[in-house]
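# Coordinate analysis (summary)
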Amino acid sequence: MKNLTLTFTEDEAEILVDALETDLEGYEDSAKDARANGNRADVMTFSEAANRIKVVRDRIRKAIDS
């Protein structure tokens with residue numbers, strides 16, 4: 001996997017966090033729906049995506065707060 005270095009203003013980073021939170025909500029809702037429908041494979045897929053989004057979001061938040 002290739003590492004990238006990007007530079008953002010604090011406002012731009014906040015926009016990214018907001019976008020990631022919106023995306024996260026969608027994946028969490030999809031995981032809930034899949035769980036209700038008994039679709040274990042989709043639950044795993046959507047949950048994994050949600051967790052990866054949380055990691056990226058939290059890394060950006062940490063950089064903003066530094």
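Notes on the structure follow.

Rules and cut-offs
Counting restarts for each chain: residues are numbered from 1 in the order of the written sequence. Local features are withheld for residues below a pLDDT of 70 in this predicted model, meaning they are given only at 70 or higher, and side-chain atom pairs are given and counted only at 80 or more; totals for whole chains, interfaces and linings count all residues. Only hydrogens and water are removed before side-chain values are computed, so all heavy atoms of the structure are retained for them. What makes a salt bridge here is a side-chain nitrogen of Lys or Arg within 4 Å of a carboxyl oxygen of Asp or Glu, nothing more. Runs of E in the DSSP output that reach at least two residues are strands. Runs of H or I that reach at least four are helices, and both are numbered from the N terminus. Only protein chains enter the accessibility calculation, which uses a 1.4 Å probe. A residue is then buried if its area is under 20% of the maximum for its type, exposed if over 50%, and partly exposed in between. Each aromatic pair joins two rings of Phe, Tyr and Trp (for Trp, the six-membered one) with centres within 6.5 Å, and gets the label stacked for planes under 30 degrees apart, edge-to-face for over 60, and tilted for any other angle. Nine residue types can take part in a nonpolar core, namely buried Ala, Val, Leu, Ile, Met, Phe, Trp, Tyr and Cys, and a core is a set of them joined through side-chain atoms within 4.5 Å. Any two residues whose heavy atoms approach within 4.5 Å are treated as being in contact. One fewer than the residue count of a helix, multiplied by 1.5 Å, yields its expected span.

Let's shift gears to the pattern of salt bridges. Enumeration over the complete set of coordinates arrives at three salt bridges. Residue Lys54 pairs with Glu28 through a salt bridge whose shortest N-O separation is 3.6 Å. Placement of the pair is Lys54 in helix H2 (residues 40-65) and Glu28 in helix H1 (residues 10-36), with a sequence separation of 26 residues. Residue Lys54 is classed as partly exposed on the basis of its relative accessible area, which comes to 29%. As a salt-bridge pair, Arg57 and Asp58 come within 3.0 Å of each other at their nearest N and O atoms. For Arg57, a relative accessible area of 14% gives the class buried.

This next bit is on the packing of aromatic side chains. In this structure the tally under the stated criterion is one aromatic pair. Residues Tyr27 and Phe46 carry aromatic rings whose centres are separated by 6.2 Å and whose planes lie at 50 degrees to one another, so their mutual orientation is tilted. Taken together, the residues Tyr27 in helix H1 and Phe46 in helix H2 connect sequence positions 19 residues apart. Residue Tyr27 is classed as partly exposed on the basis of its relative accessible area, which comes to 29%.

Membership of the largest hydrophobic core is limited to eight residues, which are Ala13, Val17, Leu20, Leu24, Ala50, Ile53, Ile60 and Ile64. Elements with a minimum of two residues in this core: H1 and H2. Those residues within four positions of Ala50 in sequence are excluded, and the remaining contacts are Leu24, Tyr27 and Glu28.

Spanning 26 residues, H2 covers 37 Å between terminal C-alpha atoms, matching the ideal 38 Å at 1.5 Å per step. Three or more residues of H2 are buried, namely Val43, Ala49, Ala50, Ile53, Arg57, Ile60 and Ile64. If you follow the buried residues of H2, they end up packed against H1.

These values are about where atoms sit, not about what they do.
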